[in-house]
Amino acid sequence: MTTLAIVDGQVLRPDGTVEYADVLVDQDDGTILDIGDDYRSAATAVLEADGCLVAPGFVNGHTHVSMSLLRGYADDKPLQAWLQEDIWPVEAALTPEDIRVGAELGILEFIKAGVTAFADMYFEMPEIAAVVEEAGVRARLGHGIVTVGKDDDAAYADAEEGLEVALDLDGAAEGRISTAFMPHSLTTVSEDVLAAFVPKAREADIPIHYHANENREEVDPIVDEHGMRPLEYAAGRGLLEDGDFLAHGVHLDEREIELLAETDASVIHCPASNMKLASGMAPVQDLLDAGVTVGLGTDGAASNNDLSMLDEARDAAMLGKLAADDASAVSAESVVHALTAGSADALGLESGRLEVGAPADFAVVDLDAPHLTPVHDPVSHLTYAATASDVRHTICDGQVLMCDREVLTLDESAICDRASEQAAALLERAGAE
Ligand SMILES: CSC[C@H]1O[C@@H](n2cnc3c(O)ncnc32)[C@H](O)[C@@H]1O
Ligand SMILES: [Zn+2]
């Protein structure tokens, strides 16, 4: 057996407590063998974690990783104008190569920031899957289906692609890739297409992921057209079941929160995107009080504008307090849970918890820095003070993806050079200024 010991760090346990311990990893099956005293001499390889917090790898519950090529391209607009005037025209010119290079850039940023797993909705999913495989991370992937503006043939073909991609890619990358059926949103995919394809996804036991209740302009048309709230509409179309997860959930009424709790569907909270697009403030504490599983996501880098889950953690705590008008709301502990086990549970992944038998996915955060001194409470630091560059090592499935801030599975400088060129060529091809 090949083993890895992560030694001399403080380990963050699932109950939020922290203890000095070594972690012993079985690199052959990618699980945690033990958490205990002094495994330095017993292991095949050693990773130093003195002065560090050994946390579960962060899980980005909702993103569009290849949108990293559009970072900073279009800012300071609300969702619908941003999508229709800026993003969708450029996305129409995307090539598979653009999507691959964007995924390389985004996943590089993930690894540098301690993210070991993510959920992605986009186009050309086999390109993204290939980068997941090469980079060594985990992902739940789905082709993003949009039917608005398409004739019936094109709409059904898009949904068919969504189903095929989910069936084909499930289990890829030695099991690190799982999939979902991903209609873009309740307003951009027709009722007919949902009626035809949701039962097929259920038959194949594939979970469903979509944007929902993101801003008022997205909620009002459903209320006007169907006379019900969006999540009542979703539940009526079979889109709200255990294992399903929706992005945003900003504008939810009491009945919708109850529906989420009753069905065990989860919400991925994306606070930075919600603030930047002025979409609103999600009722995160109300969701937690109702027992809804809440994870965190960055959304794409074009509405964020980075992919740091530690930034997301801080934003979630800050915005959660404002939304609840209560400084005790959305505590550091609940945010760290959402960042790790909450997102993992929402995505149906077993990671997110440091315990024996769990997947060996870690973010090792260096606490030896002025902005993290003194360390009264590592959970507080993870939520409020640590940043992506404090991540020292990233491990996924027992494999070291980044050691001492050097990414081992991807070529950082080559990817950054290629991404800059690819983004410039994309904008030129799209006729964008
Ligand atoms: C059909 S693939 C995914 C699709 O979603 C777009 N997108 C990016 N961010 C958001 C957001 O916050 N709400 C809704 N849609 C978003 C992305 O540009 C792709 O077109
Ligand atoms: Zn999104």
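Residues numbered from 1 in each chain as written. Chains lettered and ligands numbered in written order. Predicted model: local features only at pLDDT ≥ 70, side-chain atom pairs only at ≥ 80, totals over all residues. Heavy atoms only, no water.

Draft legend 1. Geometry of the coordination of the zinc ion (ligand 2). Taken together, H62 (NE2), H64 (NE2), H211 (NE2) and D299 (OD) make up the protein donors of the zinc ion (ligand 2), found 2.0 to 2.3 Å from the metal. Considering all four donor atoms around the zinc ion (ligand 2), angles at the metal cover 84 to 161° and the coordination shape is irregular. Spacing between the donor residues of the zinc ion (ligand 2) along their common chain follows H-x1-H-x146-H-x87-D. Taken together, the residues H64 in the loop between β6 (58-63) and α1 (79-91) and D299 in the loop between β14 (294-296) and α11 (309-324) connect sequence positions 235 residues apart. Each of the two residues, H64 as well as D299, counts as buried. (Donors = N, O, S within 2.8 Å, 3.2 Å for Na, K, Ca; no water. Tetrahedral: all angles 85-135°; square planar, octahedral: opposite > 155°, others 65-115°. Helix = DSSP H or I, 4+ residues; strand = E, 2+ residues; numbered from the N terminus. Buried < 20%, exposed > 50% of the residue type's maximum accessible area, 1.4 Å probe, protein only.)

Draft legend 2. Looking closely at the UniProt feature "binding site: substrate" (unreviewed entry) in the protein chain. As annotated in UniProt, the feature "binding site: substrate" (unreviewed entry) corresponds to E91, H184, E214 and D299 in the numbering used here. Residues contacting E91, with those up to four places away along its chain left out, are M67, L70, Y122 and F123. Following the sequence through the fold, E214 ends up in the loop between β11 (209-212) and α6 (216-226). Residue E214 is classed as buried on the basis of its relative accessible area of 4%. Apart from residues no more than four positions distant in its own chain, E214 is found in contact with L79, H248, V250, H251, S273, L277, S279 and D299. (UniProt positions renumbered as here; feature names shortened; annotations may be inferred. Contact = heavy atoms within 4.5 Å.)

Draft legend 3. Region of interest: the site of ligand 1. In the vicinity of ligand 1 lie 18 residues, with W88, E91, H184, E214 and D299 positioned nearest. At a separation of 2.6 Å, an oxygen atom of ligand 1 approaches a polar side-chain atom of E91. The contact in question runs from a nitrogen atom of ligand 1 to an N or O atom on the side chain of H184, over 2.8 Å. Within the complex, the protein chains bury 99% of what would otherwise be the 450 Å² of accessible surface of ligand 1. (Near = heavy atom within 4 Å. Polar contact = N/O pair within 3.5 Å; in protein donor to acceptor, adjacent residues only side chain to side chain. Areas by Shrake-Rupley, 256 points an atom, 1.4 Å probe, with all protein chains shown as cover.)

Draft legend 4. Structural context of the domain arrangement of the protein chain. For the protein chain, the assigned domains are domain 1 (3-56 + 359-407) and domain 2 (58-347). Each partner contributes residues to the interface: domain 1 has 26 residues there, and domain 2 has 26 residues. Interface area for domain 1 against domain 2, summed over the two sides, is near 2,000 Å², with a carbon-plus-sulfur share of 67%. Our enumeration of links across domain 1 and domain 2 arrives at two salt bridges. Note that R138 is salt-bridged to D397, the shortest N-O span being 3.4 Å. At the junction of domain 1 and domain 2, the tally comes to eight residue pairs in polar contact (both at pLDDT 80 or more). For the side of domain 1 that touches domain 2, the elements supplying multiple residues, two or more each, are β5 (52-56), β15 (362-366), α13 (378-384), β16 (391-396) and β17 (399-403). Looking at the side of domain 1 that touches domain 2 element by element, the count peaks at five residues for α13. Residues belonging to the side of domain 1 that touches domain 2 are distributed by class as follows: 18 nonpolar, four polar and four charged. (Domains from an automatic or database assignment. Buried area = accessible area lost by both parts, 1.4 Å probe. Salt bridge = Lys/Arg side-chain N within 4 Å of Asp/Glu carboxyl O. Nonpolar A, V, L, I, M, F, W, Y, C, P; charged D, E, K, R; others polar.)

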